[in-house]
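# An overview of the molecular structure
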Amino acid sequence: MRKTVEVTVFVWREGKWFVAYEPISGVASQGRTVEKALENLREALELYLEEKEEELYPLERVMITKLTIKKM
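Residues numbered from 1 in each chain as written. Predicted model: local features only at pLDDT ≥ 70, side-chain atom pairs only at ≥ 80, totals over all residues. Heavy atoms only, no water.

Here we come to the environment of Leu-67. Secondary-structure assignment places Leu-67 in the segment after helix H1 (34-51). Taking relative accessible area as the criterion, Leu-67 reaches 75% and is therefore assigned exposed. (Helix = DSSP H or I, 4+ residues; strand = E, 2+ residues; numbered from the N terminus. Buried < 20%, exposed > 50% of the residue type's maximum accessible area, 1.4 Å probe, protein only.)

What follows is the structure, encoded as structure tokens:
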């Protein structure tokens, strides 16, 4: 029986690539589409977890907002 965990992932576009990032592990991946970036991240996280004894814990509350800053 395989154990599963649901994780929070941030995805953004950088030029022609989409970047997918899981903040607890710090693992990131990329792809030409959102779907491919997520698929690549899933594979990277599975490899990460095979090598680590620690488990990922889910983020319980995430807030995304904008912040205005002054340029110097």
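A word on the sheet that holds strand S3 (residues 27-31). As summarised here, the arrangement of the 3 strands in space is S1-S2-S3, forming an open sheet in which the pairing is antiparallel. Two strands lie at the open edges of the sheet, namely strand S1 (10-14) and S3, each paired on one side alone. Sheet twist, expressed as the average angle between the axes of neighbouring strands with direction ignored, equals 25 degrees. Note that S1 and strand S2 (residues 17-22) share 5 bridges and pair antiparallel. Within S2, the position partnered with Arg-13 by the bridge is Phe-18. Packed onto the sheet, H1 meets S1, S2 and S3 and runs at close to 145 degrees relative to S3. (Pairing = 2+ DSSP bridges. Axes fitted to C-alpha atoms, helices over the stretch in contact; angles between N-to-C directions. Contact = heavy atoms within 4.5 Å.)

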